[in-house]
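Fold and geometry: a report
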Amino acid sequence: MPRGAVGEIAIGGPCLARGYHARPEATAEKFIPDPFSRAAGARLYLSGDLARQRADGAIDFVGRIDGQVKIRGFRIELGEIDAALRKFAGVRDVAVVDREDGPNGSKRLVAYLVVDSSQTSANPSAELRLFLGERLPAYMVPSAFVTLDRLPLTPTGKVDRRALPPPPPAVVLDDAPFAAPHGPVETALAEVWCRVLRRERVGVHDNFFDLGGDSILSIQIVARAREVGVRITPKQLFQHQTIAELARVAQSTTEAPQIALGPETGPVPLTPIQRWFL
């Protein structure tokens, strides 16, 4: 690769191992012929580490090949999220993975944490979302946070991602007291949430993330809310996670959406929201 471009680090030389013990498929995948050596049988080991070479010859480590994922069109370096989470007080160990057990079988980011309970709250999810929301793009904020006593490890000491438990399912609030929206802003937000979260109804005190929302869906919420005249930001959604709280912020910064009323004797014309959902 040219200098400055990201490539995979390959290791060669006389001290290179022969391969993985009793794992011929892994050996064939990672130990390849060395195209730069004239020695018979010379091989290179593909490390899986990504790096770039600077103009002075120094090599900067970038991340892992298996740490880059693509979720709903966004390329995400899991290592960047790991590094940001480790800066949160009380986080002792962390592993961020992409899972396909999200709502409707879609991929989502899940963060597994080992925390010091003396420095964190009993349920630090809301604090972690806000913390990451101020440091990373919204699409890089995990949709679920799972605390563990320890991270499962492979015999070689790496995190055993296959042994990580699935996060708890989204909280179902159908049996909880339902608080209907009031006013044009709450009504607009409730209809947008129903549309994006695929729910029949949403109460104004229901938590966006407990309903299955995540950082990617928050971007859709913001975009579709603006289409119906409600201006909010992803950061506001992370800070105010219910419709009631979010509507107060939106009302203080934008004009309420205009809902047209027809004459008393005639039919009521469709609102922008109704036209959009049709």
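In what follows, the structure referred to is the one given above.
Notes on the structure follow. Since this is a predicted model, take the numbers as computed values, not measurements.

Between helix 2 (residues 78-85) and helix 3 (residues 125-133), the least distance of the axes is 10 Å, while the angle of their chain directions is 115°. Classified by the angle between their axes, helix 2 and helix 3 sit roughly perpendicular to one another. Regarding helix 2 and helix 3, the two cross each other, and that crossing is right-handed. Contacts between helix 2 and helix 3 involve Ile81, Ala84 and Leu85 from the first element and Leu128, Phe131 and Leu132 from the second. In the contact of helix 2 with helix 3, the residues fall into six nonpolar, no polar and no charged.

Further remarks concern the sheet that holds strand 8 (residues 108-115). The mixed open sheet is built from three strands, whose spatial order is 7-8-9. In this open sheet, the two strands that pair with only one neighbour each are strand 7 (91-99) and strand 9 (144-147). Sheet twist, expressed as the mean angle between neighbouring strand axes with direction ignored, is 25°. Sheet topology note: the strand 7/strand 8 ladder contains eight bridges and is antiparallel. The residue of strand 8 that forms the bridge with Val94 is Leu113. Strands in contact with helix 2 are strand 7, strand 8 and strand 9; relative to strand 7, the strand with the most contacts, it is inclined by about 155°. Docked against the sheet, helix 3 engages strand 8 and strand 9, running at close to 125° with respect to strand 9.

Where helix 2 is concerned, the buried positions are Leu78, Ile81, Asp82, Ala84 and Leu85. Along the axis of helix 2, the buried positions cluster into a sector of 165°, meaning they face one direction only. On its buried face, helix 2 is in contact with strand 5 (68-71), strand 6 (74-77), strand 7, strand 8, helix 3 and strand 9.

Another aspect to go through is the environment of Pro2. In this fold, Pro2 is placed in the segment before strand 1 (6-11). In sequence terms Pro2 and Gln53 are 51 residues apart; their C-alpha atoms lie 8.0 Å from each other.

Before going further, it helps to examine the packing of helix 4 (residues 183-197) against helix 5 (residues 215-227). Between helix 4 and helix 5, the shortest axis-to-axis distance is 10 Å and the interhelical angle comes to 140°. With respect to each other, helix 4 and helix 5 are oriented oblique. The handedness of the crossing between helix 4 and helix 5 is right-handed. Seen from helix 4, the contacting residues are Leu189, Val192, Trp193, Arg195, Val196 and Leu197; seen from helix 5, they are Leu217, Gln220, Ile221, Arg224 and Ala225. By residue class, the composition of the contact of helix 4 with helix 5 is eight nonpolar, one polar and two charged.

Checked against the element boundaries, Glu186 lands in helix 4. Buried and unpaired, Glu186 has Arg248 as its nearest opposite-charge partner, separated by 5.9 Å. Glu186 has contacts with Ala180, Pro181, Val204, Ile243, Ala244 and Ala247, leaving out every residue within four places of it along the chain.

For the rest of this paragraph, the subject is the packing of aromatic side chains. According to the stated counting rule, one finds five aromatic pairs in the structure shown. Pairing Tyr20 with Phe31 gives two aromatic rings, centres 5.9 Å apart and planes at 80°, and the pair type is edge-to-face. Remark: Phe31 occurs in strand 2 (residues 31-33) and Tyr20 occurs in the loop between strand 1 and helix 1 (24-30); sequence separation between them is eleven residues. With a centroid separation of 6.5 Å and an interplanar angle of 65°, the aromatic rings of Tyr20 and Tyr45 are classed as edge-to-face. In this pair, Tyr20 is assigned in the loop between strand 1 and helix 1 and Tyr45 in strand 3 (residues 43-53), connecting sequence segments 25 residues apart. Tyr20 gets classed as partly exposed once you look at its relative accessible area, which sits at 29%. Linked through ring pairs, Tyr20, Phe31 and Tyr45 together constitute an aromatic cluster. Across from the ring centre of Tyr20, 4.8 Å away, lies the NZ or CZ of Arg23, which sits over that ring. Positioned above the aromatic ring of Phe178, the side-chain terminus of Arg201 is 4.1 Å from the ring centre.

Parameters and conventions
Residues numbered from 1 in each chain as written. Predicted model: local features only at pLDDT ≥ 70, side-chain atom pairs only at ≥ 80, totals over all residues. Heavy atoms only, no water. Axes fitted to C-alpha atoms, helices over the stretch in contact; angles between N-to-C directions. Helix = DSSP H or I, 4+ residues; strand = E, 2+ residues; numbered from the N terminus. Parallel < 35°, antiparallel > 145°, perpendicular 65-115°, else oblique. Left-handed = near helix turned anticlockwise from the far one by under 90°. Contact = heavy atoms within 4.5 Å. Nonpolar A, V, L, I, M, F, W, Y, C, P; charged D, E, K, R; others polar. Pairing = 2+ DSSP bridges. Buried < 20%, exposed > 50% of the residue type's maximum accessible area, 1.4 Å probe, protein only. Arc of directions from axis to C-beta. Lys, Arg positive; Asp, Glu negative; His and termini not counted. Salt bridge = Lys/Arg side-chain N within 4 Å of Asp/Glu carboxyl O. Phe/Tyr/Trp six-rings, centres within 6.5 Å; stacked < 30°, edge-to-face > 60°. Lys NZ or Arg CZ within 6 Å of the ring centre and 35° of its normal.

By themselves these figures say nothing about function.
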